[in-house]
Amino acid sequence: MIRASWGCALGVARIETLRLMVDRPSIGLIVLVPALQLVLFGYAVNLTPKNIPIAIAPSCDAQGDLISRAVADAGSFRLIPTDHAAHPATQYISSRRALVAIDCNAGQAPSLAADASDPSAVRPAVAILEAALLREVLGSVIPEAQRRSEVLWLYNPDARTAWSLAPGLVGVVVMITMLMLGALTLVREREQGSWEGLLATPVTALDALLGKLAPYVVVAVVQAAIVIALARVLFGMPALGNVAVLLLATAVFALAHLTLGFALSALAYSQIQAIQAAVFFYLPSMLLSGFMFPFEGMPGWAQMLGNALPLTHFVRSARGVLLKGYGASEVVAEMWPVALFAFAAAGAAVAFYRRRLS
Amino acid sequence: MFTPETARSVPEYAIAVRGLTKRFGRRLAIEDLTLSVKSGEICGLAGANGGGKSTSLRLLAGLIAPDHGEGLVLGCDLLRSARRVRHEVGYLAQRSTLYPTLSVQENLRFRAAVFGSRDPASAADRQIEAFGLAEFTAVSVARLSGGWCRQVELAATLIHRPRVLLLDEPTAGLDPAARQAIWRRLISLAAQGTAIVLSTHDFVEAQRCARILLLSEGRIRASGSPHEVAAQFDALALIVSGPDVLSLADRLQSRLVLAAHPMGNDIRLVVSADARGSVEALIVSQGCRSTATSLTLEDAALVVAHRAGALL
């Protein structure tokens with residue numbers, strides 16, 4: 001049976017903390033990177049379509065007012081000047097002057113063409129335009145009050161991108177930092193030589209795991225607190241739920257990635273290998289977790305895969321706590337698979353600990 | 001023959017192992033390591049690189065588990081109580097195992113803490129004083145010279161006062177004064193009853209051990225006192241002098257001579273006993289003369305290496 005000796009684990013934790021403290025550039029990066037990423041994403045990224053260039057072909061002159069009103073009503077477009085030479089309207093798109101173009105044929109509804117090479121940029125705007133056109137067409141037969149259905153936008157009423165990004169960003173920053181720190185822990189010591197010294201002491205694999213990773217859990221919680229605090233100050237993001245519970249969830253989430261990184265580190269022959277293995281894990285996490293793309297839009301097998309990833313559960317928990325007012329019970333219900341993941345990864349890390357001494 | 005069973009009733013034996021074998025994949029690291037070391041004895045593992053010295057020490061230190069074999073270190077079973085063994089012995093690795101960015105004091109304090117010291121700071125201070133490291137207390141290990149770094153390493157290895165010391169090339173790369181400082185300390189420790197097993201590929205240094213095991217390609221080729229080991233081989237050394245001895249050595253090396261190296265204006269040839277007549281005749285025919293002498297430990301290692309095919 002593997003037991004931890006608290007004296008050994010504390011000794012390792014102390015030395016790991018000291019090593020971290022003397023590495024001032026790393027400390028700076030640990031604090032600065034989450035802050036810079038929040039500022040960058042918060043101010044630069046906007047998921048609401050805006051200023052999309054649109055062309056209305058001259059063939060639409062007869063319905064010009066109706067279409068112009070619909071485009072203005074949609075609010076996502078910038079009209080470009082048109083000329084009689086361009087026909088059909090798709091020529092505006094192929095000549096890269098517009099991303100969306102409207103063409104008309106007598107007796108038919110206006111037809112839309114859109115540059116689908118970047119669908120995430122155009123598709124939401126086209127959907128808005130379609131709805132606006134429909135409203136204008138119906139305007140002649142249905143009173144104004146009945147043309148627009150009321151939508152109650154919950155949790156993020158102004159659809160502010162920073163509010164939807166920041167909770168996920170907490171998870172992404174912590175995930176990448178912890179995975180990298182965990183993945184470099186043992187392999188770096190092995191390359192330096194200090195690992196053999198550690199193996200020659202009574203420190204067990206579990207002592208090393210606990211002692212080496214505990215300081216980084218604190219780092220993760222500090223990182224999460226920085227992102228949340230900055231998001232509140234810079235973007236007025238609410239924190240409706242129990243933030244202390246979210247920070248505890250951050251510790252569990254960090255532990256899952258640290259232990260996974262530790263296991264990868266124990267198996268890797270070099271730092272490059274360890275980093276490659278970490279990248280192999282965190283890229284799918286970002287793409288399949290619902291942080292960047294809608295989770296519900298993925299096929300069933302991808303959703304199953306996404307559900308096995310800690311980031312998926314953390315993003316839901318963070319959005320829940322900050323925007324929806326989740327408390328401890330909701331967070332526990334969401335985070336237990338992450339705790340399970342951490343436990344399994346810790347088992348692998350302990351099993352692989354002495355693998356590379358040859 | 002000494003066995004781990006008898007070690008239980010003979011407490012002066014600090015180490016008693018039998019048949020320890022370790023492979024890494026298909027590569028044999030050490031085969032059938034049988035060794036007993038008394039308290040106060042200095043035992044050397046000598047041999048060329050890749051001979052199995054480091055693996056043997058790691059097995060004895062409980063760092064790795066053997067594939068076969070058994071043994072006791074200070075009465076602790078190597079297979080069942082490896083952690084206990086690690087607690088009892090002091091192991092000095094070939095490479096520095098100190099944390100280079102941390103100070104001498106922090107490195108020593110860490111070792112004291114993980115070995116269960118109740119007051120790690122005081123334990124570190126004691127070692128700093130005992131090893132004359134006071135001026136380096138707050139200096140990071142990365143800034144120390146090789147000799148001082150090895151002294152700190154040894155101070156860390158001894159911080160829990162182990163009764164068995166396992167040292168992997170403790171003086172490699174050090175100048176004679178630094179080597180002497182290490183050896184003075186080892187002799188003092190042995191005099192106080194510490195059992196010491198050290199590895200070296202320096203045969204002059206190996207001669208300082210009371211007993212040595214000559215290892216090659218993962219196997220024990222000879223064991224005993226340095227003199228006994230050298231006497232176990234049916235070979236002898238010839239000191240050859242005369243005109244153009246270097247070209248003579250060059251011509252002889254690949255045929256009848258196991259090893260040859262210059263000694264000032266003369267050359268030293270290591271020759272199989274059965275080839276002695278032919279070699280001496282050839283020497284005389286070239287107008288040179290030779291004097292026979294017994295093998296040194298290094299000569300014996302060269303014989304082993306030649307017969308194992310390591311020397312061409």
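Predicted model only: the values in this text are computed from it and were never measured. (Residues numbered from 1 in each chain as written. Chains lettered and ligands numbered in written order. Predicted model: local features only at pLDDT ≥ 70, side-chain atom pairs only at ≥ 80, totals over all residues.)

(A) How the structure looks around the overall build of chain B. A tally of regular secondary structure across chain B gives 12 helices and 14 strands. If you line up chain B on its principal axes, its C-alpha atoms span 75 × 45 × 35 Å. Looking at chain B as a whole, 49% of its 312 residues qualify as buried. Of the contacts made within chain B by residues no fewer than 6 positions apart, 69% connect residues no fewer than 24 positions apart. (Helix = DSSP H or I, 4+ residues; strand = E, 2+ residues; numbered from the N terminus. Buried ≥ 20, exposed ≤ 12 C-beta atoms within 10 Å, placed from the backbone. Contact = placed C-beta atoms within 7 Å.)

(B) Helix H2 (residues 53–60) of chain B, seen in detail. Residue and element names in this part refer to chain B. With eight of eight residues buried, H2 lies mostly within the body of the structure. If you check which residues of H2 are buried, you get Lys53, Ser54, Thr55, Ser56, Leu57, Arg58, Leu59 and Leu60. Phi for Gly62, located one or two positions after H2, is positive at around 75 degrees.

(C) Main features of the nonpolar core. With 178 residues, the main nonpolar core has Ile15, Leu269 and Ala300 of chain B as its most contacted residues. Residue contributions to this core peak at 18 residues, all from helix H7 (residues 161–192) of chain A. Counting residues in hydrophobic clusters, the runner-up holds 27 residues, among them Ala55, Ala74, Ala125 and Ala132 of chain A. (Core = buried A, V, L, I, M, F, W, Y, C linked by C-beta atoms within 7 Å.)

(D) Highlighting the interface of chain B and chain A. Listed per partner, the contact involves 23 residues of chain B and 22 residues of chain A. A total of four residues in the side of chain B that touches chain A trace back to one element, the largest contributor, which is helix H4 (residues 104–114) of chain B. Across the side of chain B that touches chain A, the residue classes tally to 14 nonpolar, five polar and four charged. (Nonpolar A, V, L, I, M, F, W, Y, C, P; charged D, E, K, R; others polar.)

(E) Representation of the packing of helix H6 (residues 146–157) of chain B against helix H7 (residues 176–191) of chain B. All names here are of chain B. Packing of H6 against H7 brings their axes to within 10 Å, and their N-to-C directions diverge by 15 degrees. When the interaxial angle is binned, H6 and H7 end up roughly parallel. In this structure, H6 crosses over H7, and the sense of that crossing is right-handed. Residues Gly147, Arg150, Gln151 and Leu154 of H6 lie in contact with H7, whose contacting residues are Ala178, Ala181, Ile182 and Arg185. Taken together, the residues of the contact of H6 with H7 sort by class into four nonpolar, two polar and two charged. (Axes fitted to C-alpha atoms, helices over the stretch in contact; angles between N-to-C directions. Parallel < 35°, antiparallel > 145°, perpendicular 65-115°, else oblique. Left-handed = near helix turned anticlockwise from the far one by under 90°.)

(F) Summary view of unusual backbone geometry. Positive phi is not limited to glycine here, since Ala159 of chain A has a value of about 50 degrees. Here Ala159 of chain A lies in the loop between helix H6 (144–147) and H7. Backbone geometry places Arg161 of chain B, a non-glycine residue, at a positive phi of 50 degrees. Looking at the secondary structure, you find Arg161 of chain B in the loop between H6 and strand S7 (164–168). Residue class for Arg161 of chain B comes out exposed when judged on the 11 C-beta atoms lying within 10 Å of it.

(G) Molecular detail of the packing of helix H9 (residues 205–235) of chain A against helix H10 (residues 243–267) of chain A. Residue and element names in this part refer to chain A. Where H9 meets H10, the axes come as close as 8 Å, and the angle between the chain directions of the two elements is 135 degrees. With respect to their mutual orientation, H9 and H10 come out oblique. Crossing of H9 over H10 shows right-handed handedness. Of the residues in H10, those touching H9 at Leu209, Leu213, Tyr216, Val217, Ala220, Val221, Ala224, Ala225 and Ile228 are Val243, Leu247, Thr250, Ala251, Ala254, Leu255, Leu258, Thr259 and Phe262. For the contact of H9 with H10, the class distribution of residues is 16 nonpolar, two polar and no charged.

(H) Highlighting the domain arrangement of chain B. Here chain B is partitioned into domain 1 (4–229) and domain 2 (234–294). Between the C-alpha centres of domain 1 of chain B and domain 2 of chain B the distance comes to 39 Å. (Domains from an automatic or database assignment.)

(I) Quick peek at the domain arrangement of chain A. In terms of domains, chain A is made up of domain 1 (7–45 + 159–352) and domain 2 (52–147). A C-alpha centroid distance of 45 Å is found between domain 1 of chain A and domain 2 of chain A.

(J) Geometry of the sheet that holds strand S3 (residues 42–47) of chain B. Residues and elements named next belong to chain B. Overall, mixed pairing links the six strands, which are arranged S6-S7-S8-S3-S9-S10 in an open sheet. One side of each edge strand has no neighbouring strand; the edge strands of this open sheet are strand S6 (89–92) and strand S10 (219–224). Adjacent strand axes in the sheet meet at a mean angle of 15 degrees when their direction is disregarded. For S3 and strand S9 (residues 211–216), the ladder comprises five bridges, and the chain directions are parallel. Directly across from Gly44, in S9, lies its bridge partner Ile212. Packing against the sheet, H2 makes contact with S3, S7, strand S8 (195–200) and S9, and its axis sits at approximately 155 degrees to S8. Along the sheet face, helix H12 (residues 297–307) touches S3, S9 and S10 and points at about 25 degrees away from the line of S9. (Pairing = 2+ DSSP bridges.)

(K) Seen up close, the sheet that holds strand S11 (residues 235–241) of chain B. Residues and elements named next belong to chain B. The four strands lie next to each other as S12-S13-S11-S14, forming an open sheet whose pairing is antiparallel. Of all strands in the sheet, those bounded by a partner on one side alone are strand S12 (257–263) and strand S14 (289–293). The mean angle between the axes of side-by-side strands here comes to 25 degrees, regardless of whether they run parallel or antiparallel. Of the strand pairs in this sheet, S11 and S14 are connected by five bridges, and their pairing is antiparallel. Each residue of the ladder has a partner; that of Ile239, found in S14, is Thr291. Against the sheet, H12 makes contact with S11, S12 and strand S13 (266–272), and its axis sits at roughly 140 degrees relative to S12, the strand it touches most.

(L) Highlighting helix H5 (residues 119–138) of chain A. For H5 of chain A, which comprises 20 residues, the first-to-last C-alpha distance of 28 Å matches the rise-based estimate of 28 Å (1.5 Å per residue) to within 8%. In this structure, the buried residues of H5 of chain A make contact with strand S1 (52–56), helix H3 (64–74), strand S2 (77–79), strand S3 (100–103) and strand S4 (111–114) of chain A. (Expected span 1.5 Å × (residues − 1).)

(M) Highlighting the pairing of S8 of chain B. Residue and element names in this part refer to chain B. The buried fraction of S8 is high, at six of six residues. Of the two faces of S8, the one carrying Ala195, Val197 and Ser199 and the one carrying Ile196, Leu198 and Thr200 are both buried. Pairing of S3 with S8, which is carried by five bridges, proceeds in the parallel orientation. Pairing of Cys43 across the sheet is with Val197, part of S8. Relative to S8, S7 runs parallel, the two being bridged by five bridges. The residue bridging Leu166 from the neighbouring strand is Val197, located in S8. Handedness of the crossover joining S7 and S8 through H7: right-handed. (Right-handed = clockwise from strand over helix to strand, strands pointing away.)

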